[in-house]
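# Descriptive analysis of the structure
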Amino acid sequence: MEPARPDEPTRTALLRRLHGDPDAEAWNEFCTRYSELVTNYCRRTGLGADDCQELFQEVFFALFQRLPRFRYDRSRGRFRAYLWRVVHNQAMAIRRRRGRRREVGGTAWVEGQASADHPDAIWEEEWRKHHLRRAVERLRRELPSRHYEVFRLSAYERLTAAEIAQRCGTSVQMVYKLRSQAMERLRTLVRRQIEEEG
Amino acid sequence: MKGGPRGRPSPKTGSGAGVGREGGEGASRARDAMSTSDPLLPEGWEDDEALLAELQSALGEGILRDAVPGHRLVRELGVGGQARVFLAERLADGAVVAVKVLELRMLPNSRAARRLERELEVLQRLEHPGIVRVHEGGLTRCWRPYLVEEYLPGGALKRVLPLGAPGPCADLDGALELFARICDAVDHAHKRGVVHRDLKPSNVLLDAEGSPKVADFGIAREIAELVGAVEPVAADTVGFVGSLAYASPEATGAARDVDVRSDVFSLGVLLFELLTGIPVVPHDATLRERVLALERLDDHLPSRVHRLRRRRGLLPAAAPHRLPRELDAVVAEALALDREERYQSAAALAADVRAVVDGRPLLARRLGPMRRAVRFVRRHPTAVASLALAMVATAAFAVQEVGRARERRANYAWALDTLGVLLDQAVAGFERLVGGEAYRGELLRSALDAFETMLQTHPGDPALRLGRARCLLLLGVLHRDEGDPAAALTAYRRALDDLRTLVAVPKVARDARRALSLTLVRIGDVRKEDGDLAAAERHYREALSVDQERAAAAPEDVTALDDLFWSHHRLGHLALMQEDLEGARRAFARLEPLADRIQALDPERAANWNLFFAVQRSWAAWDRLAGRGPARERLARAEAAVRRRVETSPGLWFPRFQLASVLGALAAAEAEEGLLAEALRHAAEARRILVELEGADPSKQEVAALLLRTDLEVLRLQVLLGTEATSVTRESVLARLAEDGSLSRLSALDRVALLGAAERCALALADAGRPGLGARILAAVLEDIGDATTEGDEARLRAVLGDLERRAGLQAGGEEGGNR
């Protein structure tokens, strides 16, 4: 495995730091990593915006309490699964509370429109996106800005190679080359992330 | 509840099972990515198109496009260190705005979030044509702070455009007006209690007409600091958020104490860059390097702007506009390290910039170069040392880079140049400046360290060895001045070892020969002061032969001729000490032609006075020893020469010391001729000068020695004249003598001279009916430094002392009474 960049601790290292003495910096980093994933998941499982924020805080709180005892161990289960359990439990807890309150009022407890997908599937999909976002973020920092721009125009704007070549003042072949290099790097980054956290 | 999403709940997310298997090291490597099935990669991601499609949904959908309430993000405009900027559409009215989303998070209702709200309220109230309008702000769905701002299609000044570049900075007046408008906008915010704290080119946007608009007031850094998200710019800047290159010293200091004047400083950096086309400090400098570079700038700024422009060809002779000199003063005042000395507001800076445009007088106080230098030394007792460290650090870095860099020669020469500047400063600046003594040691020691370090990576490099030898030579001089001849000799000898071999290396031979000559001369000086005249002569002679070779090789080299002059001078005086009149005459006869030649080659040279002074004094001493009567005339001529120099440069140490010394000699000559009143007048003036010099710098031992001798002489003359006048009292002499260790630091030569003066003074006192006082003075001197004399001399002095004490005993009653 390639060595991690010094400015971005690997998730394993991050979890090790959280374990024991969770300093504020590590925690902030942790929130930055996973809040989008958690929020997106909650939204798709049918929680409203307020519920999502509440759940978000609950999940953080729960992780904060448990992580000092949580030993990160690749052989015993992936972080992905662990996080999902925490998130799922918290979502259920919120629903239960909400349910009791709503029962009094007699209205449905589901506020948002729940996805038809199974929660597992949603989590799985969001987890993939999570990996992509992290990898792209890292790619953005790794690549020279012109190189990243070619990738960005492909991925965000879905421009054709010819359009990109025109915009960046380079050849179509070059665009293909840069783009495929960037994609290859992206895959490498994703593999590494998956190896680390599942 | 299920144990986790391990299963294969839907075909779409089938990668879960693949992930569950440990694929082995090889599978994770990029080069294997083209294999059809990659166990670590989610299904379908081997294909570029599939991956791109999923990327777009991952990046486009959830994260940002619906993240900012009431807005639709259209496309990303740019990414900065701490924020992403999007072009967005306001859903309510379809207006095009810029949305800035910061790359950090804060919990709603946290202290940071509440602070953000308050900041936003202030920002929304800033309405000025030169300030980017902030419409609203808050937290995104993912709790990132965002700001909705006016969209400016003109983009930001990525870097400050140097004057003359096409665009808004094409002409001087236009560029200055652009800058003044930036100042106006910043001042508007200041008046409403908002400090920008991160002024830099990328925060100055241009509207469609090319007018500047300042963005990002306070907020970005404020938030980043609140959340504790700090950018690791460099190892020594942990905790600092923002752009180092434009930050004021106080903003990067430990206290982080920032006010409106910190923005004034950043504006000064912008102005400097606007005028010179280069940043004040390199953008990639570390915090330490830049602080030190700024300190150096503070001292040399005024001339720097012009020099840089000329060097960079930004000041062509045929330019339609000449850069007014006044701008230097404006830049200097804006960049003052001490914010009390800066413009106190952005408005004042803008006013002066416009005054330059209109040709009106400035508010900025311009400091003369000398005042600046003196102020610098007084104000920054440690800055000098730090400055040296900075220069040395940069130079050391540059030299280390040498091995790697292709432009080896350029960097290398630059590094050595830098160190050369450092050394020149150590010598010229601080050796000569009154009160500068204290800094010399630190400067030299850090320079020496740097050379040692560099020599570890470039062992044997002749230029570095030469640099080290020069440091050692200067350090030796310092030790000697501090009264530690043993340490001085050690340093000289180390220098000598290198120099003797370096003179054979063609690349550095010339400089090495000069350093060799100087070192030999200095060793000779220490030897002479120790009384080892034979050793002194040996070293002087070797120096002389080196100087003769140098002068023969370069007959127009003033430096070589100057060194040759002083070698002859030293040998002549050494001969006088040995009462070798013929030898001294031969040596002194060389002096005047050399002085004339130097004067002819370089009439502007500041140190020429010293040559003519030395000629006169040398002959005066010779005349005296040769019994040709007192040398009053020659001494008076020497006095006139040095007095002119003192009057033109009152801040220099050396001419003042020389003046005191020649006045003392003149007084002695006059006293011998019986002109006691004139002698006393001259001796008293010498004393006054020496007291001033000692007050400015108590560490110079030659001042202390001469002052004591002069004290004794003044006392003697007062006694001879029968006046106990004002300037010296016997109490002050006795107190000075009684000071612990005040005499023990004197060189052997000075001790002998002092004993002579004490003896003369004591005898004069005795003859004037004051043998008791004479005895006390002589006893005090003998007690401290009697061991410096030969045994015979000491016995004689003891006999004199015994005689004085006996005479004092006879009239004890009377004298006691007279003292009261």
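With that settled, the discussion passes to the overall build of chain B. The helix and strand inventory of chain B stands at 30 helices and 7 strands. Burial analysis of chain B (820 residues in total) assigns 46% to the buried set. Within chain B, contacts between residues separated by at least 24 positions form 61% of all contacts whose residues are at least 6 apart in sequence.

Moving on, we get to the nonpolar core. All names here are of chain B. Leu473, Leu499, Ala758, Cys761, Ala762 and Leu778 are the most contacted members of the largest nonpolar core, which has 114 residues in total. Looking at this core, you find at least three residues from each of domain 2 (554–642) and domain 3 (651–820). Those residues within four positions of Ala762 in sequence are excluded, and the remaining contacts are Gly774, Ala775, Ile777, Leu778 and Leu804. Listed in part, the 66 residues of the second largest apolar core include Ala189, Leu205, Phe272 and Leu327.

Before going further, it helps to spend a moment on helix H5 (residues 119–142) of chain A. A rise of 1.5 Å per residue sets the reference length of H5 of chain A, with its 24 residues, at 34 Å; its end C-alpha atoms lie 34 Å apart and thus fit the reference within 8%. In terms of burial, H5 of chain A is largely enclosed, as 19 of its 24 residues are buried.

Helix packing geometry: the angle between the two helix axes and the distance between the axes. All names here are of chain B. At a minimum axis distance of 8 Å, the contact between helix H19 (residues 558–577) and helix H20 (residues 581–601) shows a crossing angle of 160°. With respect to their mutual orientation, H19 and H20 come out roughly antiparallel. For the pair H19 and H20, the crossing hand works out as left-handed. Every residue of H20 that contacts H19 at Val558, Leu561, Asp562, Leu564, Phe565, His568, His569, Leu571, Gly572, Ala575 and Leu576 is listed here: Gly583, Ala584, Ala587, Phe588, Arg590, Leu591, Leu594, Ala595, Arg597, Ile598 and Leu601. Classifying every residue of the contact of H19 with H20 by side-chain character gives 15 nonpolar, 4 polar and 3 charged.

On to the pairing of strand S5 (residues 145–150) of chain B. All names here are of chain B. Summarising burial for S5: 5 of the 6 residues are buried, a large majority. Here strand S3 (residues 96–102) pairs with S5 via 5 bridges, running antiparallel. Within S5, the residue paired with Val97 across the bridge is Glu150. Pairing of strand S4 (residues 134–139) with S5 involves 5 bridges; the strand directions are antiparallel. Counted as the bridge partner of Val134 is Glu149 from S5.

Now for the packing of helix H21 (residues 608–625) of chain B against helix H22 (residues 632–648) of chain B. Residue and element names in this part refer to chain B. H22 packs onto H21 with a crossing angle of 160° between their chain directions and a minimal axis gap of 8 Å. Classified by the angle their axes make, H21 and H22 are roughly antiparallel. Like other packed secondary-structure pairs, H21 and H22 cross with a definite hand, here left-handed. Contacts between H21 and H22 involve Trp609, Phe612, Phe613, Gln616, Arg617, Trp619, Ala620 and Asp623 from the first element and Arg634, Leu635, Arg637, Ala638, Ala641, Val642, Arg644 and Arg645 from the second. Of the residues that constitute the contact of H21 with H22, the class distribution is 9 nonpolar, 1 polar and 6 charged.

All names here are of chain B. One non-glycine residue with positive phi stands out, namely Arg197, at about 75°. For Arg197, the location among the structural elements is in the loop between helix H4 (172–191) and strand S6 (204–206). Arg197 gets classed as buried once you count the C-beta atoms within 10 Å, which come to 24. Despite not being glycine, Glu579 shows a phi value in the positive range, around 60°.

Procedures and definitions
Residues numbered from 1 in each chain as written. Chains lettered and ligands numbered in written order. Predicted model: local features only at pLDDT ≥ 70, side-chain atom pairs only at ≥ 80, totals over all residues. Helix = DSSP H or I, 4+ residues; strand = E, 2+ residues; numbered from the N terminus. Buried ≥ 20, exposed ≤ 12 C-beta atoms within 10 Å, placed from the backbone. Contact = placed C-beta atoms within 7 Å. Core = buried A, V, L, I, M, F, W, Y, C linked by C-beta atoms within 7 Å. Domains from an automatic or database assignment. Expected span 1.5 Å × (residues − 1). Axes fitted to C-alpha atoms, helices over the stretch in contact; angles between N-to-C directions. Parallel < 35°, antiparallel > 145°, perpendicular 65-115°, else oblique. Left-handed = near helix turned anticlockwise from the far one by under 90°. Nonpolar A, V, L, I, M, F, W, Y, C, P; charged D, E, K, R; others polar. Pairing = 2+ DSSP bridges.

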